[in-house]
Amino acid sequence: MNALSIWQPWASFIALGIKNVENRGWATRYRGPLLIHAGKTFDEDWEEKLPAVLSHAALAVERWPAYFHLAGHLLAVVVLQGCAEWEDAASPWHEEGQVGWYLRNPRLIRPLPYRGMWGIFDIQGASIEVCDLTALKRSMGYENNASDADTGVPQDRSGAHAP
């Protein structure tokens, strides 16, 4: 299965269905399932880059600090629906001047350590286990059983459609 390595906390935002666009300087012709890999780099300026209409994303980081700092792990499977230029942006996550990779249908997996690579790369021999939000919270040690609303994770994690 193909994978893409993304800096944290952006990889976690995508895995949780908060972010539906990955911004790149290049487009891809690939469409279909894509594993989201949390790279080892954490974007320290992430709060400055949050679209104002998506302040709930900051709440998710505050409530789930360990998840947003996981590095070198596979976190989710999404569907790469398509790519669009800035002029055709259909999401507040699409950054000006970037090619937006539009993602939908995020499915959490049990975080799995894996070494990332540049670009789209193939995952060989990894045992991918899809899990729900409750199971993920339990595996991360969040035993308070807070609702999705309390963690900043949206109820509908299907993602937006590509333009």
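Whatever comes next refers back to the structure up there.
Residues numbered from 1 in each chain as written. Predicted model: local features only at pLDDT ≥ 70, side-chain atom pairs only at ≥ 80, totals over all residues. Heavy atoms only, no water.

(A) Molecular detail of the overall build of the chain. Each helix and strand in the chain was counted, giving six helices and six strands. Reading the secondary structure of the chain in the N-to-C direction produces β-α-β-β-α-α-α-β-β-β-α-α. For the chain, the proportion of contacts with a sequence separation of at least 24, taken over those separated by at least 6, is 78%. Accessible area for the chain stands at about 8100 Å²; split by element, carbon and sulfur atoms hold 49% of it. (Helix = DSSP H or I, 4+ residues; strand = E, 2+ residues; numbered from the N terminus. Contact = heavy atoms within 4.5 Å. Areas by Shrake-Rupley, 256 points an atom, 1.4 Å probe, with all protein chains shown as cover.)

(B) Representation of the environment of Gly-97 in the model. Checked against the element boundaries, Gly-97 lands in the loop between strand 4 (73-84) and strand 5 (99-113). The class for Gly-97 is exposed, based on a relative accessible area of 65%. Through-space distance from the C-alpha of Gly-97 to that of Arg-24 is 9.3 Å; in sequence the pair is 73 residues apart. (Buried < 20%, exposed > 50% of the residue type's maximum accessible area, 1.4 Å probe, protein only.)

(C) Layout of the pattern of salt bridges. For the coordinates displayed, the defined rule picks out three salt bridges. Across the salt bridge formed by Arg-24 and Glu-22, the nearest N and O atoms sit 3.0 Å from each other. In terms of burial, Arg-24 and Glu-22 fall into one category: buried. The partner of Arg-110 in a salt bridge is Glu-129, and the shortest N-O contact between them spans 3.4 Å. Linking Arg-110 in strand 5 with Glu-129 in the loop between strand 6 (120-122) and helix 5 (133-139), this pair joins segments that are 19 residues apart in sequence. In this structure Arg-110 comes out as partly exposed when scored by relative accessible area, which is 31%. Using a relative accessible area of 41% as the deciding quantity, one classes Glu-129 as partly exposed. Bridged by salt links that share partners, the residues Lys-19, Glu-22 and Arg-24 form one connected network. (Salt bridge = Lys/Arg side-chain N within 4 Å of Asp/Glu carboxyl O.)

(D) Representation of the side chain of Arg-24. If you trace the backbone, Arg-24 turns up in strand 2 (residues 21-24). The buried category is assigned to Arg-24, whose relative accessible area is 15%. Polar side-chain contacts of Arg-24 include one of 3.0 Å to the side chain of Glu-22. Ignoring sequence-local partners within four residues, the contact set of Arg-24 consists of Leu-4, Ser-5, Ile-6, Gln-98, Val-99 and Trp-101. (Polar contact = N/O pair within 3.5 Å; in protein donor to acceptor, adjacent residues only side chain to side chain.)

(E) Representation of the pairing of strand 2. Neither face of strand 2 is exposed, since Val-21 and Asn-23 on one face and Glu-22 and Arg-24 on the opposite face are all buried. Bridge count between strand 2 and strand 5: four bridges; the pairing is antiparallel. Across the sheet, residue Glu-22 finds its bridge partner in strand 5, namely Trp-101. (Pairing = 2+ DSSP bridges.)

(F) Up close: a negative patch on the surface. A cluster of acidic side chains, namely Glu-44, Asp-45, Glu-47 and Glu-48, defines a negative patch on the protein surface. Position of Glu-48 relative to the elements: it lies in helix 2 (residues 46-49). (Patch = residues over 30% accessible without salt bridge, like charges linked within 9 Å, V, L, I, M, F, W, Y side chains within 5 Å. Lys, Arg positive; Asp, Glu negative; His and termini not counted. Charge placed at Lys NZ, Arg CZ, Asp CG, Glu CD.)

(G) Quick look at the packing of aromatic side chains. The tally for this structure, following the rule as stated, stands at five aromatic pairs. Ring centres of Trp-10 and Phe-13 lie 5.6 Å apart, and the angle between their planes is 55°; this geometry places the pair in the tilted category. One end of the pair is Trp-10 and the other is Phe-13, both in helix 1 (residues 10-15) and three residues apart, which spans about a single turn. Accessibility classification places Trp-10 together with Phe-13 in one group, the buried group. By the ring-pair criterion, three or more aromatic residues cluster together here, those being Trp-10, Phe-13, Trp-46 and Trp-93. One residue, Arg-24, lies across the ring of Trp-101, its end atom 6.0 Å from the ring centre. (Phe/Tyr/Trp six-rings, centres within 6.5 Å; stacked < 30°, edge-to-face > 60°. Lys NZ or Arg CZ within 6 Å of the ring centre and 35° of its normal.)

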